[in-house]
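Structure at a glance
What follows is each chain in one-letter form.
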Amino acid sequence: MRLSPHSTWRRPASAKAPELVARVRATPAMAVPRQAAGSGALQTCGLEPILEALKLLLSPGGSGSSSLQITKHDVLLATLKSNLSALEDTFLKDPHWKKLKLLRDEIANKAEWPQNSVDVTWSFTSQTLLLLLCLKETMIHLAADFSPGKPNPRTPEAAPALSPDTLSISQQKTVQSALQFVVTLGVCPYLMPGVGVPLRYRTEFGAVIQDVACLSAAPDATRRLYTSCRVLLNVAQHASLGSLIFCRHFGDIAAGLCQLGFCPTNRKPLKPEEEVLTEEERALSREALRDILDQVYQPLAVRELLILQGGPPQSCTDVKTQVRCRAPAWLRRLCGQLLSERLMRPSGVQAVVRGILEGAGAGAAGGSDAEASAADWKKCDLIAKILASCPQQSLSPEDYYRDICPQILDLFHFQDKLTARQFQRVATTTFITMSRERPQLAAKYLLQPMLAPLHRCLNTAEIPESNMVPGTILVTEEELSRCIEDVFKVYVVGNEPSAVLVDSLLPVLGVLFSLYCFTKQSVSHIRSLCQDILLWFLGKLERKKAIASLKGFAGLDRSVPSLHSLCQFRAATQGGIMITIKEAICDEDEALYQKVSSEQCQVEHLGDLLSHCQECGLAGDFFIFCLKELTHVAVENEAELKMQPLSSRSLLELEQHQTLLVEGQEQKLLVLQLMAVLCERMSEQIFTNITQVVDFVAATLQRACASLAHQTESTVESQTLSMSMGLVAVMLGGAVQLKSSDFAALKQLLPLLEKVSNTYPDPVIQELAVDLRITISTHGAFFTEAVGVAAQNTLNKKDSEGKIEEQQQTSHERCTDVSHSYLEQQQNYEKSNQTSLKSSAPRIPQEVGEPHTTVNQKSGSVTTEQLQEVLLSAYDPQIPTRAAALRTLSRWIEQKEARALEVQEKLLKIFLENLEHEDAFVYLSAIQGIALLSDAYPEKILLGLLAQYESSKDKHTPETRMKVGEVLMRIVRALGDMVSKYREPLIHTFLRGARDPDSAHRASSLSNLGELCQRLDFLLGSVVHEVTACLIAVAKTDHEVQVRRAAIHVIVLLLRGLSQKATEVLRDVLKDLYHLLKHVVRLEPDDVARLHAQLALEELDEIMRNFLFPPQKLEKKIVVLP
């Protein structure tokens, strides 16, 4: 039989065992005095004899059994007795062990605990403890006598000499086996029921060990337990041995100390000779327990205390599967108190979190099972409840929160990904639990510190005079990034919209939106975080508060807290963002320009943000609010004309009046700009319920009534009124299944319809308004022919584009389709004055003003009558009708409709005539049609377009030539590789355009030249010198900065398009292009041009690196022999 560590029970090793070497210190409370060296034995005795003695003590007996799991009591006792006899015989006969025997005898003589007993297990334990003490003393003396030599400078890479007290791996295994037997024979059998984990529940062999010990023999069980714990703590004074002891047996030693120091004694006082432990020894045990708890790795201490504390009581009738006894009440109270002390220590929160997660089967924090632990919300909820509960040791909940909350915030900031995921989930759950249980304390000690960087730069905050110097950093890059990430984890990941969380974030929402706008201007890792925070918060807010916040974002409500006027966002060195004090702008024009551009950017970014809020209905509600503000603008304009004369006012009143007028005009411009952006960015799904559609129609009718009252009626207003009433007719006509609540909402239109019926000059509109009032009042019981015709006309305008598919539509989808027609009409109204050319066509309405015929999508289904009607609509004075007709013709060309292609020349004429229209809807639709027609018949159309593009100003306006340039660019993109056939006329036209007197035409020609060269590849070779000479001349000599930018951008496109082929295609001019780019970088005053040149140099650098150092590919060619 062999007493092997592999055959006995061992506690799982901690993942943090290396840290124990540095953490374990001396425990003077339980340590015996250090033995003095006797007769020089300590100086001469080495480690080998001691380890050989331990091996002999643990060697197998003569039973022939290969495993202890199948041994009986008598076999185990015989083995222990045989090994003890063999050890004593060796001490007496072997002269090499004489020094070790002297050392053991000297330590045994000075020991104050009984060593011999009738019980063999205790005798075996005593001898093992004596040998461990010998090993500890020997290692201390060897280390004290060791003096390492000076390192050899000739071989600095050589490893330093090891200390002589270093144990090898095999020696450590021997010591671990000895320690395991000491714990299983000298500690575990003497623990009370419920204290620690009994041996019989660990392994089958543990049950054998448990029953082998004779508790009735002297010394007493408590004295044995005290002696074992005291000697083990004495041995643990050595760092290496302490690591071996505590990483495996800390829980058993702690259980023993708890029993020795805190177990209640009999109430009746005993005589001194009857007491097993004195009060001094009990006090030493208590002190030793607190010392080792303070010195070991804290998560290990937390885990073992949790194991000692145990769980709720369990019952089981089966003896074989009987569960362990519940821990005694005194032990549960003690462990709870000790755990609270662990929590209140510095970094105690982290220790508790690690201890619970590692002890719950997750392994070391960040280990292989960290993902499974992070996904277990129950553990996170348990830890959150523990951390949120104020322990009894704390003076007050506020003191507890003051100490704990900073540690909870630190849990968010771990760098290791797996550890961070665990800790962040715990921190988020704790954050929410504390906010729910004690909102005031959570707001003071959690939310305020987390949001402090954002509060620091609010317009309501007072900035110290010392920080008013321009360029002073108010919030560093690390602070701002950490703040945004923490807010995201608490609010978005936690997803708990409690009142304290919402109220705390509401004041800094304006700063968050300003930060979001800044991140949209460049690449930033916190852009998505800001967007998710804003979307989550706006979705959780009450609708009125959300609208008020959006008003503050747009600048319509100055009372909403926002970024301080002296603060600005700046890009930081590590890719983040910081907040600094900006420099004062002395030039009023420059200040005004920056203000206007900033407001415009905010409105555009607000439109982008709202495009993600359409499903929840927030975008629709805000759009209706803006419509109502338009009505207020009209009313205010009328009121301003009726104000009292200025001559009756003082100078101060005049100045105040002028200031109010300027602010009012700014508000009106913001409303108009906001409406334009919303009409452009919002899709047809903006309205999600009938109530929103009714509010939308009501706002439109109010604006129409206001225009009628002020006698400012226009064609667009007339179309607006007609379309809004058509929407009502469609809803009443059965497109939407109306309920009683929907009719209650529709009744708010009755006063407006009555006003229209009384004031509008058109009798048809008057009659329709009266019929709609009657239909709404009767809940659809009375339905006139006029209402049905209006509904059918509105639906026909949508059907003509083929939008209605043969499938069952839900009530929400029908309501959205009905409202979409008017939304597109509104978009036309807001953008009718915009005539600037854009690089790509915006979304064109397809439901408004189209021919009143149904057009199918299948090829060959277009009749002559339908074609004639669409051709006539292309000359309709109403802008939506004309644009829709052009789009219909374009689609027919794309679908290869035979009847449409037969009149291609007529279609080209129509498109060219509409190209000169001033409205963006019309000329962009014409551009699309010409591009599609040129793709079908490039030879017939391309040359004519080139001639028109390079014509003089007398024949065509500069705007028309720019539009033709847009057509040519689309044709080049559509032709793709086929563009090589028309290389010569295209290149010559663009090169001649680069010398045009008009700077805009020169920039357009260069832009088209870049698109063309990007697709020619090797076919560019014959004209590469001409192109290069043109670009060099323009980049160096042109006076217009836009033209120079375009020339440099052509080089960027050329290098990007050719990629690795650039070294072959541009081999003759590559050096000239490089010199040009370096010239631009050094001497060009324009920042944008220099940026383009820098980008081109980076492209060129990448191309040359890949050419000179091609990537190595591990390829194996297999050739099939004939």
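Residues numbered from 1 in each chain as written. Predicted model: local features only at pLDDT ≥ 70, side-chain atom pairs only at ≥ 80, totals over all residues. Heavy atoms only, no water.

1. Description of the overall build of the chain
This is how the line gets drawn: In this text, helices come from DSSP runs of H or I with a minimum length of four residues, and strands from runs of E with a minimum of two, each type numbered from the N-terminal end. Partly exposed describes any residue whose relative accessible area lies between the buried limit of under 20% and the exposed limit of over 50%, with all areas from a 1.4 Å probe on protein chains only and scaled to the type maximum. The contact definition used throughout considers only heavy atoms, calling two residues in contact when any of these lie within 4.5 Å. Using a 1.4 Å probe, the Shrake-Rupley method yields the accessible areas, and only the shown protein chains count as cover for residues.
Across its full length, the chain holds 48 helices and 3 strands. Counting every position in the chain, which comprises 1122 residues, the buried fraction comes to 50%. A fraction of 76% describes how many contacts in the chain between residues 6 or more apart in sequence connect residues 24 or more apart. Summed over all atoms, the accessible surface of the chain reaches about 53500 Å², with 53% contributed by carbon and sulfur.

2. Quick word on the packing of helix α44 (residues 1024-1037) against helix α45 (residues 1041-1058)
This is how it is decided: Fitted lines through C-alpha atoms serve as axes, helices being fitted only where they are in contact, and the angles separating the N-to-C directions of these axes extend from 0 to 180 degrees. Crossings are classed by handedness, with left-handed meaning an anticlockwise turn of the near helix from the far one by less than a right angle and right-handed meaning a clockwise turn. As a working rule, the residues Ala, Val, Leu, Ile, Met, Phe, Trp, Tyr, Cys and Pro are called nonpolar, Asp, Glu, Lys and Arg charged, and the rest polar, with Gly in that last group.
Taken N-terminus to C-terminus, the directions of α44 and α45 make an angle of 145°; their axes are 8 Å apart at the nearest point. Like other packed secondary-structure pairs, α44 and α45 cross with a definite hand, here left-handed. Across from Leu1031, Val1034 and Ala1035 in α44, the residues of α45 making contact are Val1043, Arg1044, Ala1047, Ile1048, Val1050 and Ile1051. Of the residues belonging to the contact of α44 with α45, the class tally is 8 nonpolar, no polar and 1 charged.

3. What to know about a negative patch on the surface
Short version of the rule: The patch calculation keeps residues exceeding 30% relative accessible area without a salt bridge and links them within 9 Å when they carry like charges or within 5 Å when they are nonpolar (Val, Leu, Ile, Met, Phe, Trp, Tyr). One speaks of a salt bridge when a side-chain nitrogen belonging to Lys or Arg is within 4 Å of a carboxyl oxygen belonging to Asp or Glu. In summary, the charge assignment counts Lys and Arg as positive and Asp and Glu as negative, without counting His or the chain termini. Working definition for charges: the position is that of NZ of Lys, CZ of Arg, CG of Asp or CD of Glu.
A cluster of acidic residues, Asp587, Glu588, Asp589 and Glu590, forms a negative patch on the protein surface. Relative to the helices and strands, Asp589 resides in helix α25 (residues 588-610).

4. Considering helix α41 (residues 958-975)
Let me state the cut-off plainly: By definition here, a helix of n residues has an expected span of 1.5 Å times n minus one.
With 18 residues, α41 should cover 26 Å at 1.5 Å per step; its first-to-last C-alpha distance of 26 Å lies within 8% of that length. The buried fraction of α41 amounts to 13 of the 18 residues, a majority that puts the element mostly inside the structure. A positive backbone phi angle near 65° is found at Gly976, which sits one or two residues after α41.

5. A closer look at the packing of helix α6 (residues 120-145) against helix α7 (residues 169-186)
Filter applied, for reference: Here is the rule for angles: anything less than 35 degrees is roughly parallel, anything more than 145 is roughly antiparallel, 65 through 115 is roughly perpendicular, and the remaining ranges are oblique.
Put simply, α6 and α7 touch, their axes get as near as 10 Å, and they point 140° apart. By the angle between their axes, α6 is oblique relative to α7. The element α6 and its partner α7 pack so that their crossing is left-handed. In this structure, α6 contributes Thr121, Phe124, Thr125, Thr128, Leu129, Leu132 and Leu135 to the contact, and α7 contributes Val175, Ala178, Leu179, Phe181, Val182, Leu185 and Gly186. The residue makeup of the contact of α6 with α7, split by class, is 10 nonpolar, 4 polar and no charged.

6. Focus on the packing of aromatic side chains
Filter applied, for reference: In this scheme Phe, Tyr and Trp rings, the latter by its six-membered ring, pair at centre separations within 6.5 Å, and the angle between planes marks the pair as stacked below 30 degrees, edge-to-face above 60, and tilted otherwise.
Under the definition given, this model contains 12 aromatic pairs. An aromatic cluster is present here, built from Phe513, Tyr516 and Phe553 joined pairwise through their rings.

7. Examining the pairing of strand β3 (residues 577-581)
Test applied: Two strands are counted as paired when DSSP detects at least two bridges linking them.
Among the 5 residues in β3, 5 count as buried, and that is most of the element. Of the two faces of β3, the one holding Ile577, Ile579 and Ile581 and the one holding Met578 and Thr580 are both buried throughout. Strand direction decides the pairing type here: strand β1 (residues 473-475) and β3, joined by 2 bridges, are antiparallel. By the bridge assignment for β3, Val475 is matched with Ile579. Taken together, the 5 bridges between strand β2 (residues 567-571) and β3 define a ladder with antiparallel strand orientation. When the bridges of β3 are listed, Ala571 appears paired with Ile577. Between β2 and β3, which follow one another and run antiparallel, lie 5 residues, and Gly575 among them has a positive phi close to 90°.

8. What to know about the sheet that holds β2
The 3 strands lie next to each other as β1-β3-β2, forming an open sheet whose pairing is antiparallel. Looking at the sheet topology across the chains shown, the edges are occupied by β1 and β2. Between one strand axis and the next, the sheet turns through 45° on average, direction left out of account. Helix α20 (residues 477-493) rests against β1 and β3 of the sheet, and its axis sits at about 125° to β3.

9. Observations regarding the pattern of salt bridges
Counted by the stated rule, this structure contains 25 salt bridges. Across the pair Arg543 and Asp621 runs a salt bridge whose closest N-O atoms are separated by 2.5 Å. Taken as a pair, Arg543 in helix α24 (residues 543-554) and Asp621 in helix α26 (residues 618-641) lie far apart in primary sequence, 78 residues in all. With its nearest N and O atoms 3.3 Å apart, the salt bridge here joins Arg970 to Glu966. Highlighted residues: Arg970 and Glu966, both in helix α41, separated by 4 residues, approximately one helical turn.

10. Quick look at the nonpolar core
Soluble globular proteins: nonpolar side chains tend toward being buried together. Note the cut-off: Only buried residues count toward a nonpolar core. Its members are Ala, Val, Leu, Ile, Met, Phe, Trp, Tyr and Cys residues joined through side-chain atoms within 4.5 Å.
Ranked by internal contacts, the top residues of the largest apolar core, which has 225 residues, are Tyr491, Leu505 and Phe622. Those residues in contact with Leu505 that sit more than four places away from it in its chain are Leu451, Val487, Tyr491, Leu512, Ile533 and Phe537. Within the second largest apolar cluster, 80 residues are counted, among which are Leu886, Leu901, Ile971 and Leu1066.

11. Some thoughts on α25
In a regular helix each residue adds 1.5 Å, so 23 residues correspond to 33 Å; α25 covers 33 Å between its end C-alpha atoms and thus fits that length. Every buried residue of α25 is listed here: Glu599, Val603, His605, Leu606, Gly607, Leu609 and Leu610.

12. A short note on a nonpolar patch on the surface
Taken together, the side chains of Val770, Ile774 and Phe782 present a nonpolar region at the surface, about 210 Å² in accessible area. Mapped onto the elements of the fold, Val770 is located in helix α32 (residues 763-777). A relative accessible area of 33% places Val770 in the partly exposed class.

13. Comments concerning the environment of Ser481
For Ser481, the position within the fold is in helix α20. Judged by relative accessible area, Ser481 falls into the buried class, the value being 11%. Along the sequence, Ser481 and Gly576 sit 95 residues apart, while their C-alpha atoms lie 6.9 Å from each other.

By themselves, these are just geometric observations and shouldn't be taken as functional.
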